[in-house]
Amino acid sequence: MAKRILITGAAGFLGSHLCDRFIKEGFEVIGMDNLITGDLRNIEHLIKLKNFEFHHHDITKFVHVAGKLDYILHFASPASPIDYLKIPIQTLKVGSIGTLHCLGLAKEKNARILIASTSEVYGDPLVHPQNEEYYGNVNAIGPRGVYDEAKRFQESITMAYHRFHGLETRIARIFNTYGPRMRLNDGRVIPAFIGQALRGEDLTVFGDGSQTRSFCYVDDQVEGIYRLLLSDFSDPVNIGNPNEISILDFAKEIINLTGTDQKIIFKELPQDDPLQRQPDISRARDILNWEPQVSREKGMKITYEYFRSLSAEELQKREHKDFSEHIRR
Ligand code: UDP
């Protein structure tokens, strides 16, 4: 009998790629999303499949799923700094109340649950690269605090369910990940720079661009998450690509990649923007026998082609199609 998995945030960037992967592995997949930041187009190709169901539901409300569940992946959350500013309370609620509901459901169904945590639990890190032992440097009351603290609470309650109820739990600390289906207008650096290049605008580097990030291609991320779910390891595991680059050098890479002659302009650095970020993935290497395979050059080419394939109209704005007949409410 096929294994059954619930994926929250299924219409989002990572959630939709995870749906694809678990469908490919022969699972029955239930995708759930309230569509505040997700886009049904990301799972359009799955909606007609027999072994895929979509539930339009907000996980911060009580959740019920009929039948057995073997696994839950909790990936519902806004995930970009401009979303935290626009929908801070939903961000806090999905990481806290939403996680509580997912854990309760996992307990009820005796299912194993993996939660999407983040490199943001390390805040603006004073340890470099960041390993899982580091407690982080987070400003709870800053603009990013709503995401960071929700995710830290999420880790905490997940460990409590593991220790107190013996629930099988997994925690992935996800570092910057990119690829097709990122939201063009979500404000994050990769869609922002590519969108600007495609529209013939200047690239906006925040601060002096000396801050660093380490970008992981989505297929590598999904492979890491897949292996972690099937492992027996319940402490947090960093999943990311250690290949670090400054944002200024990255802007130059994008100009090369797109073959445009865009200029770089400098804008104010947002508050609490981490100065450096690089995962130490020794734990993932040891426990999951995993490390990224896709170079930034290759991953960025695929991602650029994806954004280029969007129509001119979509480049300005991506609108939701009507999928209502396929949706369970
Ligand atoms: N950034 C930038 N220009 C943009 C968007 C982002 O210079 O148009 C910078 C941002 O200040 C940060 C880095 O790129 O230092 C990565 O930002 P992103 O929002 O992608 O994710 P973060 O890692 O900060 O959560």
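All figures in this text were calculated on a predicted structure; none of them were measured in a lab.

(A) The arrangement of a nonpolar patch on the surface in detail. Among the surface-exposed residues, Phe206, Leu269 and Leu275 lie close enough to one another that they form a single nonpolar patch of about 230 Å² accessible area. Within the secondary structure layout, Leu269 lies in the loop between β13 (264–267) and α8 (282–288).

(B) Fine view of the packing of aromatic side chains. In the structure shown here, the tally under the stated rule is 10 aromatic pairs. A ring pair is formed by Phe22 and Phe27, whose centres lie 4.9 Å apart and whose planes are at 90°; its orientation type is edge-to-face. Phe27 shares its class with Phe22; the two are buried. Relative to Tyr71, the ring of Phe27 has its centre 6.0 Å away and its plane inclined at 50°; by these criteria the two rings are tilted. In this pair, Phe27 is assigned in the loop between α1 (13–24) and β2 (28–33) and Tyr71 in strand β4 (residues 71–74), connecting sequence segments 44 residues apart. Phe27 sits in the buried class, given a relative accessible area of 7%. Accessibility expressed as a relative area gives 12% for Tyr71, which makes it buried. By way of ring pairs, the aromatic residues Phe22, Phe27, Tyr71 and Tyr226 are connected into one cluster. Here the basic side chain of Arg21 rests over the ring of Tyr226, its NZ or CZ set 4.2 Å away from the ring centre.

(C) Representation of the side chain of Arg112 in the model. Relative to the assigned elements, Arg112 resides in strand β5 (residues 112–118). Relative accessible area serves as the criterion here: at 16%, Arg112 is assigned to the buried category. In this structure the side chain of Arg112 is engaged in a polar contact, spanning 2.8 Å, whose partner is the side chain of Glu168. Ignoring sequence-local partners within four residues, the contact set of Arg112 consists of Asp70, Tyr71, Ile72, Glu168, Arg170, Leu229, Leu230 and Ser231.

Procedures and definitions
Residues numbered from 1 in each chain as written. Predicted model: local features only at pLDDT ≥ 70, side-chain atom pairs only at ≥ 80, totals over all residues. Heavy atoms only, no water. Patch = residues over 30% accessible without salt bridge, like charges linked within 9 Å, V, L, I, M, F, W, Y side chains within 5 Å. Areas by Shrake-Rupley, 256 points an atom, 1.4 Å probe, with all protein chains shown as cover. Salt bridge = Lys/Arg side-chain N within 4 Å of Asp/Glu carboxyl O. Helix = DSSP H or I, 4+ residues; strand = E, 2+ residues; numbered from the N terminus. Phe/Tyr/Trp six-rings, centres within 6.5 Å; stacked < 30°, edge-to-face > 60°. Buried < 20%, exposed > 50% of the residue type's maximum accessible area, 1.4 Å probe, protein only. Lys NZ or Arg CZ within 6 Å of the ring centre and 35° of its normal. Polar contact = N/O pair within 3.5 Å; in protein donor to acceptor, adjacent residues only side chain to side chain. Contact = heavy atoms within 4.5 Å.

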